[in-house]
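Listed here are the chains, written in short residue letters.
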Amino acid sequence: MAVLLAFFQGLFFLIGTLVRREQELFARISGYNDSVLYQMAGVPVLLLSLVMVSAVGEYVIELGRRGALEHIQTLPVDMKLVMGAHATTIVSVSLLYYFAVTVPFVYLRGGPGAVAHLLPAMLVLALGLLPLFLFAALVALLTLLVRTEAFLELVSASVYTFTGIAYPLTVFPQFVALVAQLLPHPHVAESVRLAVFYGVLEPARLVPMLAVLAGYAVFSTAIYSRIERVLRRGGRYEVVTE
Amino acid sequence: MVAAIEVEGLRKTYVERRLWRVKRVVTALDSVTFAIERGTMVALLGPNGAGKSTTVRILSTLLLPDGGTARVMGHDVVKEASSVRRVIGVMLDPEKGHFGRLTGLENLVFYGVLHGLTRSDARSRAVELLEQFGLGDARDRPVEGYSKGMKARLAICRVLIHDPEVLILDEPTAGLDPISAREVRERLKGLKREGRTVLVTTHNLWEAEELSDRLIVLNRGRVIAEGTPEEVKRAFGLMWNVELEVSGNLEGLKLGWETELGISERGRPLLKVMIREDPSELVPLILSELRSRGVQVLSVSVREPTLEEAFVRAVGGA
């Protein structure tokens, strides 16, 4: 999985670098002026988010299938703590992954100076991965509730399509852009892009991201209790469906 | 004596929906009430769909009831779920709940730490339990290579890792071969001797009779009998079978008990008399009654009712 991700991320950077040389031509064809390379710099955020949604969802479903989720629920440990431990691992591994696969491309494109920009980008990403994890955790709980793994695929496809990372939000109708703004993904991606390209932690971008992070933390905590109650009422910790 | 588990008027209904439409409503528990004293082993019996697993899941804090109350060691399973989880050890399926790629020891340490033990305490307790349950040699092997019986014993180790006062075991011998099942039963008897409170569900009636101090029989979400195995048999109104090989004229014979005529294995007339009272008092009466009517009794056998007969009679007729 990691190799595949690295491959695709490299591919995105490569395409971005090549297309950048033909930026004007690309702008004429596509009808918008966003730099493709700039757009591509947000792709790791998208990939990491997809991995998180899939990894956390599959983790919870697999725990349910093995009966371990039920056993954990009978222990005097808060499920939020278990998810938190899982988040710490995923976020740490994701940061390492991001650093390892990004350094060569950034170095090739901008030299050692550009690599220095990665440090603020890492910081931004570390903060940004938390709301992405909370998003993934909520998706996992909702998957338990609806009892079909297809829900994970649906969310992944939606994230890929509607968060303005793979394509600029400007190509979508306005209401889609508005919905995307409520998700953490575009804010995280935009902050990472700025940090990668300019090496700055721009308050105008960081503040919305931090606000989204705080909002997601509050929202997730509130909704977790609600979903947990629904799961306990329906006895849905036992996953028997395929 | 203070009850370890108290259940009063417990109700649970499952609503199956397709989108927003209600497809089916199933009443799993309908005002279930019972109490289990500390230090006793109690079997929860009942056919499929009787409500055993629902009861166990509510007591394990996995499921919220619709009504009524359930308390474990004085803690309410809904309002004080965290306190309940500290005093219970739960086994829902002997084969489930393990992490296959981890070793037996790692599994136990993991669960021990989640129970709040320090890593070193969890490890020493795990080693002790693995030795005690005959898994010492396999402790460093991944659990995915364990046999069903070994997984079942590991599951018992897992529920004991934090030394709980109350054990809730849902069909601990289900799916095990006879030897493994016997091993598990022996371990359960050991837990009973240690003075723990054990609630065990089982389909195996003689197992329930062998292991438990008391039985609670559920059917269609209701408690239909409760007490010692003898009390449950009596509650079901079970009859002893007195089988008499006889010779002589049986035509028009009417005794004061329920009778049935048949042929014995040796081809002789067989008179079956079903009695509800103590056979040591009634059999001499039956014999003298038959003698007075000129019927010669060649052999007598009295068969004690089994719990299974009692159960089938009660549940089948319910």
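Everything numeric here is computed off the predicted structure, so don't read it as measured data.

Asks: I would appreciate a short explanation of the overall build of chain B in the present structure.
Replies: Looking only at helices and strands, one finds 10 helices and 14 strands in chain B. Going through the 318 residues of chain B one by one, you find that 50% of them count as buried. For chain B, long-range pairs separated by at least 24 residues make up 68% of all intrachain contacts whose partners lie at least 6 apart in sequence. On chain B, roughly 15300 Å² of surface is accessible, and the fraction owed to carbon and sulfur atoms is 47%.

Asks: Would you mind showing me how to read helix α4 (residues 43–66) of chain A here?
Replies: Note that an α-helix has 3.6 residues per turn; residues three or four places apart therefore point the same way. With 24 residues, α4 of chain A extends 34 Å between its outermost C-alpha atoms, agreeing within 8% with the 34 Å of an ideal straight helix rising 1.5 Å per residue. Downstream of α4 of chain A by a residue or two, G67 of chain A has a phi angle that is positive, lying close to 85 degrees.

Asks: Is there a simple way to think about the interface of chain A and chain B in this case?
Replies: Often the size quoted for an interface is simply the accessible area lost on bringing the parts together. Of the residues lining the interface, 20 residues belong to chain A; the matching set on chain B comes to 27 residues. Both faces considered, chain A and chain B share a buried interface measuring about 2200 Å² in area, 55% of it formed by carbon and sulfur atoms. On the chain A side of the contact with chain B, H71, P76 and R232 of chain A bury the most area, a combined 33% of that side's loss. Joining chain A to chain B, the criterion identifies one salt bridge. Here E70 of chain A and R57 of chain B are joined by a salt bridge, their closest N and O atoms 2.2 Å apart. Here chain A is connected to chain B by three residue pairs in polar contact (both at pLDDT 80 or more). Every element with two or more residues in the side of chain A that touches chain B is listed here: α4, α5 (68–73) and α11 (203–234) of chain A.

Asks: How should I be thinking about the confidence of the model for chain A in this particular structure?
Replies: On average, chain A scores 74 in pLDDT, and the residues at 70 or more come to 77%. Within chain A, the lowest mean pLDDT, 52, falls on helix α2 (residues 23–30) of chain A, and the highest, 83, falls on α5 of chain A.

Asks: Which parts of the structure should I look at to understand the sheet that holds strand β8 (residues 197–202) of chain B?
Replies: Strands belonging to one sheet form pairs held by backbone hydrogen bonds; the direction of such a pair is parallel or antiparallel. Residue and element names in this part refer to chain B. Pairing within the open sheet is mixed, and its six strands lie in the order β6-β7-β8-β3-β9-β10. Two strands bound the open sheet, and with one partner strand each, they are β6 (88–91) and β10 (222–227). The mean angle between the axes of side-by-side strands here comes to 15 degrees, regardless of whether they run parallel or antiparallel. Two strands pair when backbone bridges link them, and strand β3 (residues 41–45) and strand β9 (residues 214–219) are joined in this way by four bridges, in the parallel orientation. Pairing of V42 across the sheet is with R214, part of β9. Packed on one face of the sheet, helix α5 (residues 148–160) meets β6 and β7 (166–170) and runs near 160 degrees to β6.

Asks: Would you explain the pairing of β9 of chain B in this entry?
Replies: The two faces of the sheet receive side chains in turn, since in a regular strand these alternate between them. Residues and elements named next belong to chain B. Counting buried positions along β9 yields five of six residues, so the element is predominantly enclosed. Strand direction decides the pairing type here: β9 and β10, joined by five bridges, are antiparallel. Counterpart to L218 in the pairing with β10 is V223. Connecting the antiparallel pair β9 and β10 is a turn made up of two residues, with R220 showing a positive phi of about 50 degrees.

Asks: How do you make sense of the environment of L178 of chain A when you look at a structure like this?
Replies: By the secondary structure assignment, L178 of chain A is in helix α9 (residues 174–182). Note: C-alpha distance between L178 of chain A and T163 of chain A (15 residues apart in sequence) is 9.9 Å.

Asks: For this particular structure, what's the right way to read the sheet that holds strand β14 (residues 296–303) of chain B?
Replies: All names here are of chain B. Here we have four strands laid out as an open sheet, ordered β12-β13-β11-β14, and antiparallel in their pairing. With partners counted over all chains shown, the strands left at the sheet margins are β12 (258–263) and β14, one partner each. Neighbour-to-neighbour, the strand axes of this sheet turn through a mean angle of 25 degrees, independent of strand direction. With six bridges joining them, strand β11 (residues 240–247) and strand β13 (residues 269–275) adopt antiparallel strand pairing. By the bridge assignment, E245 is partnered in β13 with L270. Each of β11, β13 and β14 touches helix α9 (residues 279–292); the most contacted strand, β14, lies at about 160 degrees to it.

Asks: Can you help me understand the packing of α4 of chain A against helix α7 (residues 118–146) of chain A in this one?
Replies: Describing two packed helices takes the angle between their axes plus the distance from one axis to the other. All names here are of chain A. The N-to-C vectors of α4 and α7 enclose an angle of 40 degrees; their axes lie 8 Å apart at closest approach. Judged on the interaxial angle alone, α7 and α4 are oblique. Here the hand of the crossing between α4 and α7 comes out right-handed. Touching V45, L48, S49, M52, V53, V56, G57, V60 and I61 of α4 are L125, L129, L132, F133, F135, A136, A137, V139, A140, T143 and L144, all from α7. Looking at the contact of α4 with α7 residue by residue, the class counts come to 17 nonpolar, three polar and no charged.

Asks: Please clarify how the packing of aromatic side chains should be interpreted in this entry.
Replies: Remark: the centre distance and the inter-plane angle together describe each pair of aromatic rings, the angle taken between the planes. All names here are of chain B. The tally for this structure, following the rule as stated, stands at three aromatic pairs over all chains. Three or more aromatic residues joined by ring pairs form one cluster here, namely F99, F110 and Y111. It is R158 that lies over the ring of Y111; its NZ or CZ is 5.3 Å from the centre.

Asks: What exactly am I supposed to notice about unusual backbone geometry here?
Replies: Residue and element names in this part refer to chain B. A positive phi is found at S31, a non-glycine position, where the angle reads about 60 degrees. Residue placement: S31 occurs in strand β2 (residues 21–37). You will see that T61, though not glycine, has its phi angle at about 70 degrees, which is positive. Residue placement: T61 occurs in the loop between α1 (52–59) and β4 (67–72). Its relative accessible area of 0% is what places T61 among the buried residues.

Asks: Sorry, what's going on with the packing of α4 of chain A against helix α6 (residues 79–116) of chain A here?
Replies: Residues and elements named next belong to chain A. Close contact between α4 and α6 brings their axes to 11 Å; oriented N to C, the two are set at 145 degrees. Both α4 and α6 take part in a crossing whose hand is right-handed. Where α4 approaches α6, its residues P44, L47, L48, M52, A55, V56, Y59 and V60 are matched on the opposing element by V82, M83, H86, I90, V91, S94, Y97 and Y98. Taken together, the residues of the contact of α4 with α6 break down into 14 nonpolar, two polar and no charged.

What counts and what doesn't
Residues numbered from 1 in each chain as written. Chains lettered and ligands numbered in written order. Predicted model: local features only at pLDDT ≥ 70, side-chain atom pairs only at ≥ 80, totals over all residues. Heavy atoms only, no water. Helix = DSSP H or I, 4+ residues; strand = E, 2+ residues; numbered from the N terminus. Buried < 20%, exposed > 50% of the residue type's maximum accessible area, 1.4 Å probe, protein only. Contact = heavy atoms within 4.5 Å. Areas by Shrake-Rupley, 256 points an atom, 1.4 Å probe, with all protein chains shown as cover. Expected span 1.5 Å × (residues − 1). Buried area = accessible area lost by both parts, 1.4 Å probe. Salt bridge = Lys/Arg side-chain N within 4 Å of Asp/Glu carboxyl O. Polar contact = N/O pair within 3.5 Å; in protein donor to acceptor, adjacent residues only side chain to side chain. pLDDT = per-residue confidence, 0-100. Pairing = 2+ DSSP bridges. Axes fitted to C-alpha atoms, helices over the stretch in contact; angles between N-to-C directions. Parallel < 35°, antiparallel > 145°, perpendicular 65-115°, else oblique. Left-handed = near helix turned anticlockwise from the far one by under 90°. Nonpolar A, V, L, I, M, F, W, Y, C, P; charged D, E, K, R; others polar. Phe/Tyr/Trp six-rings, centres within 6.5 Å; stacked < 30°, edge-to-face > 60°. Lys NZ or Arg CZ within 6 Å of the ring centre and 35° of its normal.

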